[in-house]
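Each chain, written out:
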Amino acid sequence: QVQLVESGGGLVQAGGSLRLSCTHSGRTYMYAAMGWFRQAPGKEREFVAAITWSGAGTIYADSVKGRFTISRDNAKNTVRLKMNSLKPEDSAVYYCNGDQVGLADLATARYDYWGQGTQVTVSA
């Protein structure tokens, strides 16, 4: 059974930090690259960051490069997103997802299943 559970969101002031976690289960995510995505009200879901199965490769959206760091712990089936220097425009519901594809394809793939996400709100 496929399952994604995101956590760690909250309300933070601009310039602050948060660390999000995603626990995944199911064959879909075995040996899969994993990514974080976000959706703000009235906007389409957008790619944020992705990491290879081994953790050796990462890519980031230009808007978060240098501020966010993606990591993973395969022993715990967990992917994390450390977010520093948060801005009000980072406010969104954050989701994780993954597949056994390259990072570039992961960023643009369409997914049939999403978890409930975790809300991040950054106040000015």
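The preceding data block contains the structure.
No experiment lies behind these values; they were computed from the predicted model shown.

Definitions and cut-offs
- Per chain, residues are indexed from 1 in the order of the written sequence.
- Restriction of local features to residues with pLDDT of at least 70 applies here, the model being predicted, together with a cutoff of 80 or more for giving and counting side-chain atom pairs; totals for whole chains, interfaces and linings are based on all residues.
- Side-chain metrics in this entry use all non-hydrogen atoms of the structure; hydrogen atoms and water are not considered.
- The criterion for a disulfide is a pair of cysteine sulfur atoms lying within 2.5 Å.
- Every helix listed is a DSSP run of H or I at least four residues long, and every strand listed is a run of E at least two residues long, numbered separately from the N terminus.
- Remark: exposure states derive from per-residue accessible area (1.4 Å probe, protein chains only) relative to the maximum for the residue type, with buried under 20%, exposed over 50%, and partly exposed in between.
- Here the rule is simple: two strands pair whenever DSSP picks up at least two bridges between them.
- Throughout, an axis means a line fitted to C-alpha atoms (over the contacting stretch in the case of helices), and angles, computed between N-to-C directions, take values from 0 to 180 degrees.

(A) The arrangement of the state of the cysteines in detail. A complete count under the given rule lists one disulfide for this structure. One disulfide in the model links Cys22 with Cys96; its S-S distance is 1.9 Å. The disulfide joining Cys22 to Cys96 has a torsion of about 55° about its S-S bond and is therefore right-handed. Of the two residues, Cys22 is situated in strand β3 (residues 18-25) and Cys96 in strand β9 (residues 92-99); the sequence distance between them amounts to 74 residues. Like Cys96, Cys22 is buried.

(B) Looking closely at the pairing of strand β10 (residues 118-123). Side chains Thr118, Val120 and Val122 project from β10 onto a buried face, and the interleaved Gln119, Thr121 and Ser123 project onto a face without burial. Relative to β10, strand β2 (residues 10-13) runs parallel, the two sharing four bridges. Paired with Leu11 across the strands is Thr121, a residue of β10. Across three bridges, the pairing between β9 and β10 is antiparallel. Each bridged residue has a counterpart across the sheet, and for Ala92 the counterpart in β10 is Val120.

(C) Looking closely at the sheet that holds β2. In spatial order, the strands read β2-β10-β9-β4-β5-β6; together these six strands make up an open sheet with mixed pairing. Taken across any chain shown, the strands that pair with only one partner, and hence form the sheet edges, are β2 and β6 (58-60). Neighbour-to-neighbour, the strand axes of the sheet open up by a mean angle of 25°, direction not taken into account.

(D) Structural detail: unusual backbone geometry. In this model, Asn77 sits at a positive phi of 50°, which is unusual for a non-glycine residue. By the element assignment, Asn77 lies in the loop between β7 (68-73) and β8 (78-83). Judged by relative accessible area, which is 34%, Asn77 ranks as partly exposed.

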